[in-house]
Amino acid sequence: MAAAIVSLTLEEFNAQYAHEHGYEYWFGEVVQKGMPTWLHGLLQAILAEFFHKLGYASGSEIDLRIDPQWQPRPDVTAALEIEQPYPTKPVDIVAEVLSDDPMTKVFEKCRNYARIGIPQVFVFDPQSKTAWEWSTKTDNLERIQTLHLGNGSTLEVCDILASNSAQMSQTSSVDPFPR
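Residues numbered from 1 in each chain as written. Predicted model: local features only at pLDDT ≥ 70, side-chain atom pairs only at ≥ 80, totals over all residues. Heavy atoms only, no water.

**Q** Give me the lowdown on the sheet that holds strand β6 (residues 93–97), citing residues and values where you can.
**A** As summarised here, the arrangement of the six strands in space is β3-β5-β6-β7-β8-β9, forming an open sheet in which the pairing is mixed. Looking at strand neighbours, the two that pair on one side only are β3 (57–59) and β9 (140–144), the edges of this open sheet. Strand-to-strand twist in this sheet, taken as the mean axis angle between neighbours without regard to direction, amounts to 25°. The pairing of β6 with strand β7 (residues 120–125) spans five bridges and is classified as parallel. Note on β7: the bridge partner recorded for I93 is Q120. Set on the sheet, helix α3 (residues 103–115) makes contact with β6, β7, β8 (130–135) and β9; between it and β9 the angle comes to about 95°. (Pairing = 2+ DSSP bridges. Helix = DSSP H or I, 4+ residues; strand = E, 2+ residues; numbered from the N terminus. Axes fitted to C-alpha atoms, helices over the stretch in contact; angles between N-to-C directions. Contact = heavy atoms within 4.5 Å.)

Now the structure itself:
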């Protein structure tokens, strides 16, 4: 017998999960995010750094409190202006890094980002070294080689992924337990 899904109000979710990492509120349900790997975590940091260098304030795992029925925590959030303490209006960019989440959830998340007014939604796969941007015209992820950002900046996917590979190589060669 399948377990019954317990519906929570936003207040109940915040009381139980607001200070817990890895949970999002999706239309009354608690959704657990996939556990990030080193590759995932490094790519989050690199994306935030690249966005910052291009004029955006950026951070990871920031609650978006734009829609009281759906409150995700994107892997990376970037905005030209910071709203404190949490964004309640659409931010400029969100980026998701694939881990073990099913693609149906990734598509649903991208659709909801577009629905709440976020103009640029990017998805990165560090394993296959590919990236996509959500298209509201096609209601689909479109493969990209270059990020054309809303502030007029561009960013090459190959530069992002090369930086991620370099970080992984650097950290992989370090002995975590030197003698």
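**Q** Describe the packing of aromatic side chains, naming the residues involved and giving the relevant values.
**A** Two numbers describe a pair of aromatic rings. These are the distance of the centres and the angle of the planes. Per the stated rule, a full pass over the model turns up six aromatic pairs. Seen from their ring centres, F13 and Y25 are 5.2 Å apart, and the 45° between their planes marks the pair as tilted. With a gap of twelve residues between them, F13 in helix α1 (residues 10–17) and Y25 in strand β1 (residues 23–26) connect regions that are remote in the sequence. The same class applies to F13 as to Y25, namely buried. Aromatic side chains Y17 and Y23 sit 4.8 Å apart centroid to centroid with 50° between the ring planes, which places their arrangement in the tilted category. Taken together through their ring pairs, the aromatic side chains of F13, Y17, Y23 and Y25 make up a single cluster. In this structure, R65 is placed above the aromatic ring of Y86, and the distance from its NZ or CZ to the ring centre is 3.7 Å. (Phe/Tyr/Trp six-rings, centres within 6.5 Å; stacked < 30°, edge-to-face > 60°. Buried < 20%, exposed > 50% of the residue type's maximum accessible area, 1.4 Å probe, protein only. Lys NZ or Arg CZ within 6 Å of the ring centre and 35° of its normal.)

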